[in-house]
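Coordinates in review
Listed below, chain by chain, are the residues.
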Amino acid sequence: MCTGKEHPLEKEERSDRATVCRTGNLSSLSPTCSLPDRFVCYLSPSAVSNLSRDDTLSLAQRISENCPLNLKHRGITRERAPSSLTTEELQVASSLVRKFEHFPPAILRALGQAAVGLSISDIENSISDKDLEASIPALGEVRGWNTEQSSTIINKLLSSGYQIRDGQSLAKLGSLVAGINSSTLRSLSPEVVLEAIKLPEFVQQMVTLPSVLKMTFVEKISSSVGHPADLVKCIPDALASYIPKSLLVFGEEKPNIQDLNSKMWTREQAAMFFSDVIKTEPDFSRLSQSVLQGFTCAAVNEVEAERFQELAKVMKKKNVKLGEDQLSCLVKMVTLHGIPQDLDNYPKDLLLFLSPSDYAATGSCRQYFANIGKANLDVLQRESSQRKQLLLEALACLKIPGTQVNKENADTLGHLVCDLGGEYIRSSGGNLLKQLSQCESFLPDQEEAIRSVISSGNTTFGPPVAWSAFTLNELSGLIPVFDHSILQKIPKNVLTLWLKNYAHNSPLSREQLATVVEELLPTRHKRADGCPPDKQITEMVLNDDLMPIHYSPEELRACLKNVSLENHLSRMLTYAFSVQQLAELKRNLDETYPDGYPDSLLPKLGPLISFITPEDVSKWKITSADTLAALLKDQPPDDRASAVIKRYVDLGNALNATALNAIGTRYVCLLNATELNIIDSSSLKLASLNPSACPQLTKNILYAKAKQAFSDQKYLPAYYDLVEPYLGGAPGVDLRALSKGNVNMNISTFAKLRRDSLLSLTPSEVQGLLGINLHDLQKWQNKSPIREWVQTQKQSELEKLDVGLTGGLQEGYMNIVTPKFQCMYYVRTSNCCVLNTYFWVTARRKTALWKQSASVVCKREVSTPSSSKWWPWAALPNGSAPALSSACAKALESPAGCSCAERADG
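Reading the values: the criteria
Residues numbered from 1 in each chain as written. Predicted model: local features only at pLDDT ≥ 70, side-chain atom pairs only at ≥ 80, totals over all residues. Heavy atoms only, no water. Helix = DSSP H or I, 4+ residues; strand = E, 2+ residues; numbered from the N terminus. Buried < 20%, exposed > 50% of the residue type's maximum accessible area, 1.4 Å probe, protein only. Axes fitted to C-alpha atoms, helices over the stretch in contact; angles between N-to-C directions. Parallel < 35°, antiparallel > 145°, perpendicular 65-115°, else oblique. Left-handed = near helix turned anticlockwise from the far one by under 90°. Contact = heavy atoms within 4.5 Å. Nonpolar A, V, L, I, M, F, W, Y, C, P; charged D, E, K, R; others polar. Salt bridge = Lys/Arg side-chain N within 4 Å of Asp/Glu carboxyl O. 1 Å grid on protein atoms, 1.4 Å probe; cavity = no way out; pocket = protein on both sides within 12 Å on 5 of 7 lines; lining within 4 Å. Points joined across faces, edges and corners; volume = space filled by probe spheres on them. Phe/Tyr/Trp six-rings, centres within 6.5 Å; stacked < 30°, edge-to-face > 60°. Lys NZ or Arg CZ within 6 Å of the ring centre and 35° of its normal. Disulfide = S-S within 2.5 Å. Core = buried A, V, L, I, M, F, W, Y, C linked by side-chain atoms within 4.5 Å. pLDDT = per-residue confidence, 0-100. Lys, Arg positive; Asp, Glu negative; His and termini not counted.

**Focus on the overall build of the chain**
Secondary structure assignment for the chain yields 52 helices and six strands. A burial count over the chain gives 53% of its 906 residues as buried.

This is the structure we're talking about:
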């Protein structure tokens, strides 16, 4: 069992820290002269508390020289972002800074990296305006400023008269540039920004900028760089992924492959230029992983079919990750002339779209499923029939008779273990825990089974009561499944040690970590009359990411009374506070700001946004799209998000590109018609939205705006990729135009088209839209609205598609289909609702309603308890205003439960 096992890196760290503790506690020795350089990075705050000022500056210099931010720290090898400082680093820096009351330039230069310990009060009250400006070069080299620190320094600089006149004065700010607000950045001329980004030392600062600032920098740069090739060449690497995809359409311009390869792109961005690249680069191996992930079915038009196998093999070598639609298209092209016999040379994810029999020429079914187990199973939807079938075939191949899976078979199944039901997990004991800890999510019966296995203690990890911090880390992927009955058995010192040494590198969210914190709080909370003397909240406490485990909610309420949260809120809200503790932070802010939070506080609310009420929001002045972005960043519930968006719009703010990107696909469906109609199409061009899951009215409005936004690119291959997310609102006439463009629409997009638009398409037009994906129609023919489309087509026309579609209209017969809402299908004329050519009626007898050459005959079924019959309506001549009979007029008053107006759009 690995219960008490100590990881080698833990042992090394313990040895280093023990040395530091022994040396640091010797009062006769100064750490500045007795400690080897490697140990100054591990000093605790108490070890530096009694230093003289001279020793403080000497130690600060050694820390700056010997403790770079890319290092083996806490016994764990990791590449840390420049702003990612540990609690110990911040607390030591804070202790060193406290040795001084004032900070002239000489002291700030000598402190070096330790200047990150400056409090907001120090910046505002202990550094003069003149000294602050003189210290910019030194402060700009400090890494790890938090939001409050950098913005306080910048605001003080600007208010004292500092001006950003050119690129040099902007670059001079160094790491402090993160403190500039986007409105200040927008006020600068593009020339200032273009000059600054030519300086390598300034470009390095781009990596850790907030997303809103990165987007603003891109906005400034792109406003003065007209051609995509020039934009790609001059944009700093850290900003490349923020370029709106519409600005990466090369058109007639030839892309520079080397420049594109040097940047990291999103999949959406790379799709814009993939076809351009693929037709100009004969050697696919020269393309970067980032460029190759942009593969689209449009490439079918640019590359000979034989070369797709070569392309797929390059993707395997470069570990390119593709989505479901991309893989579905790629596998069609790879197998166009038969199944390759060397499938192991292709991306494993492609095998998700093949079968064991397809793999037979390459290897055994066990080998096939071993590869499937290593593939990205989440490419397929969790409950999809395709994924369920894979698991059934895997169990049959491995000859697993019952529900018990041994370790060897578990290793073979790999990610497929994530789909095994609770009965398999229980029966297999601990054999599946290694694979289960890698799963993204679980179903309720799986969670219950995992808890049962863990609680039994009959695993190689032993019972929870005997776990070490390293053991807990091995199972960290299962922590979200652990309930109180398991967590309470893990020794508290183990939970604390894990939070301290491992949680920083854990993939768990702040909310998931909070469940561990809750176990370390007292089970019964005494009502606090005041803050206990040993719980006073100091600067050092506020810089401790383990702060939550030291305060019950009641203690937090009492001890926060004399603390200004605003200057520490951004960092504090990254800590794993429980729901009850977060509620106390919110209560403190409400008491501090009874008339509403100040503008400066709104971007810092983070997870507190989930505690906000509509009444709170009504008091806010959301004055910028940047603030809107900050408020929505933590993905609040829909009702809170809707209130925030409404307040933003009601205050007269524009739904510009920044606002639309902040709203994003997650919240775009919350916008009402009034809000949607104020969106300018030029803003939509710079946003990234997908309204395919929204109400039809939303899709209709946004499609019209998207069509206008991208109209200047209508005749370029990338036009389809730009407009594709909005096609759910496209009228039939636009789809017919696209059907002539070899767009190779994927079947999932086709199924989400506007119902009336889809039903108006002919089989040949559908063939033009789907292209290489036409055969997917057969798999989807029983799903609405594709089912209804099939049923309204002549079977003879469907057979011409040669994809196995059945259920179309036979010659001489009318197919009668019962609609979901017992409504006829209407179109509007000037005076009457007339039944369209494509329609459904509810009927008990085979009576045809057909479009004649000169007229449309309207009929309506009238049902009574005793009989059913047809009422004939007037014959309405095409192209003329109809003269209504009284029977027609009466029937139109309530056509089968839906009004004419409701059905006017089909």
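Let us keep going from here.
**Regarding the packing of helix H19 (residues 307-317) against helix H20 (residues 324-334)**
Packing of H19 against H20 brings their axes to within 8 Å, and their N-to-C directions diverge by 130°. The angle between H19 and H20 falls in the class oblique. Considering how the two elements wind past one another, H19 and H20 form a crossing that is left-handed. Contacts between H19 and H20 involve Phe308, Gln309, Ala312 and Met315 on the former and, on the latter, Leu330, Met333 and Val334. Its residues assigned to classes, the contact of H19 with H20 shows six nonpolar, one polar and no charged.

**Description of the pattern of salt bridges**
Scanning all chains against the criterion turns up 32 salt bridges. Aspartate 419 is paired through a salt bridge with arginine 382; the nearest N and O atoms lie 3.4 Å apart. Of the two residues, aspartate 419 sits in the loop between helix H24 (407-413) and helix H25 (422-427) while arginine 382 sits in the loop between helix H22 (365-374) and helix H23 (385-397), which places them 37 residues apart along the sequence. Of the residues examined, aspartate 419 reaches a relative accessible area of 15% and is grouped as buried. A residue is classified by how much of its surface remains accessible, and arginine 382, at 22% relative accessible area, is partly exposed. A cluster of three or more residues bridged by salt bridges with shared partners is formed by Asp378, Arg382, Arg387 and Asp419.

**Focus on empty space enclosed by the protein**
The full count for this structure, using the stated rule, is five cavities of 30 Å³ or more. When its volume is computed, the second largest cavity comes out at roughly 100 Å³. Every residue lining the second largest cavity is counted, 14 residues in all, and those nearest its centre are Leu118, Asn146, Gln149, Glu539 and Asn543. Tallied by class, residues from the lining of the second largest cavity come to four nonpolar, eight polar and two charged.

**Quick word on the packing of aromatic side chains**
Aromatic ring pairs are described here by two measures, namely the spacing of the ring centres and the angle between the planes. Taken as a whole and judged by the stated rule, the model has twelve aromatic pairs. When the centroid spacing of 5.8 Å and the interplanar angle of 85° are considered together, the rings of phenylalanine 274 and phenylalanine 295 count as edge-to-face. Taken as a pair, phenylalanine 274 in helix H17 (residues 267-280) and phenylalanine 295 in the loop between helix H18 (289-292) and H19 lie far apart in primary sequence, 21 residues in all. Every member of this aromatic cluster is reached through a ring pair, and the members are Phe250, Trp265 and Phe273. One residue, arginine 307, lies across the ring of phenylalanine 284, its end atom 4.1 Å from the ring centre.

**What to know about the state of the cysteines**
Taken as a whole and judged by the stated rule, the model has six disulfides. What pairs with cysteine 297 in a disulfide is cysteine 329, and their sulfur atoms sit 1.8 Å apart. The sign of the S-S torsion, about 130°, decides the handedness of the disulfide formed by cysteine 297 and cysteine 329: right-handed. In this pair, cysteine 297 sits in the loop between H18 and H19 while cysteine 329 sits in helix H20, placing the two residues 32 residues apart along the sequence. For cysteine 297, a relative accessible area of 11% gives the class buried.

**Quick look at the nonpolar core**
Counting 264 residues, the largest nonpolar core has Leu170, Trp498, Trp620, Phe750 and Trp789 as the members making the most contacts within it. Ignoring any residue separated from it by four or fewer positions in sequence, one finds tryptophan 620 in contact with Tyr597, Leu602, Leu605, Ile609, Ile612, Leu631, Val644, Arg647 and Leu651.

**A look at the environment of cysteine 397**
Mapped onto the elements, cysteine 397 comes out in helix H23. Sequence-wise, cysteine 397 and proline 356 are 41 residues apart; in three dimensions their C-alpha atoms are separated by 9.1 Å. Here cysteine 397 is in contact with Cys365, Arg366 and Phe369, once residues within four sequence places are set aside.

**Description of helix H39 (residues 657-667)**
Of all the eleven residues making up H39, eight are buried; the element is thus mostly covered by neighbouring parts of the structure. Looking at the buried residues of H39, the elements they touch are helix H11 (182-187), helix H14 (211-222), helix H37 (625-632), helix H38 (638-650) and helix H41 (681-685).

**A closer look at unusual backbone geometry**
In this model, serine 784 is joined to proline 785 through a cis peptide bond whose omega is 5°. Tracing the sequence through the fold places proline 785 in the loop between helix H48 (776-780) and helix H49 (786-791). A positive phi is found at asparagine 742, a non-glycine position, where the angle reads about 55°. Following the sequence through the fold, asparagine 742 ends up in the loop between helix H44 (732-738) and helix H45 (747-751). For asparagine 742, a relative accessible area of 49% translates into the label partly exposed. Phi is positive for aspartate 802, close to 60°, though the residue is something other than glycine. Looking at the element boundaries, aspartate 802 is found in the loop between helix H50 (795-799) and strand S3 (826-828).

**Points about the packing of H22 against H23**
Following both chains from N to C, one finds H22 and H23 inclined at 135°, their axes separated by 10 Å at the closest point. In terms of orientation, H22 and H23 fall into the oblique class. Between H22 and H23 the crossing geometry is left-handed. When H22 is examined against H23, the residues Cys365, Arg366, Tyr368, Phe369 and Ile372 are found in contact with a partner set consisting of Leu390, Glu393, Ala394 and Cys397. Broken down by class, the residue content of the contact of H22 with H23 amounts to seven nonpolar, no polar and two charged.

**Considering the confidence of the model for the chain**
In this model, the chain carries a mean pLDDT of 85, and residues with pLDDT of at least 70 account for 83%. Considering each helix and strand of the chain separately, the mean pLDDT is smallest for strand S2 (residues 76-79), with a value of 32, and largest for H18, with 98. Counted against residues more than four places away or in other chains, residues 1-29, with its pLDDT under 50, gives 40 contacts. Here residues 817-906 is modelled with pLDDT under 50, and outside its nearest four sequence neighbours on either side it reaches 147 contacts, counting other chains as well.

**Re the environment of glycine 606**
Inspection of the secondary structure assignment puts glycine 606 in the loop between helix H35 (579-592) and helix H36 (614-618). Among the residues examined, glycine 606 registers a relative accessible area of 14% and is labelled buried. Separated by 34 residues in the primary sequence, glycine 606 and methionine 572 place their C-alpha atoms 9.9 Å from one another. Beyond its immediate chain neighbours, meaning those up to four positions away, glycine 606 contacts Leu573 and Asp634.

**A look at the environment of tyrosine 424**
With respect to the helices and strands, the residue tyrosine 424 is situated in helix H25. Of the residues examined, tyrosine 424 reaches a relative accessible area of 14% and is grouped as buried. Counting along the chain gives 19 residues from tyrosine 424 to valine 405, while the straight-line C-alpha distance between them is 7.1 Å. Not counting the four nearest positions on each side in its chain, tyrosine 424 is found in contact with Leu395, Gly402, Thr403, Val405 and Leu432.

**Re the side chain of threonine 658**
Following the sequence through the fold, threonine 658 ends up in helix H39. Classification of threonine 658 by relative accessible area gives buried; the value is 10%. The contacts of threonine 658, once residues within four sequence positions are left out, are Arg186, Glu219, Ala625 and Asp626.

**Observations regarding the side chain of aspartate 349**
Checked against the element boundaries, aspartate 349 lands in the loop between H20 and helix H21 (356-359). The side chain of aspartate 349 sits in the buried core without any salt bridge; lysine 321 is the nearest counter-charge, 4.7 Å away.

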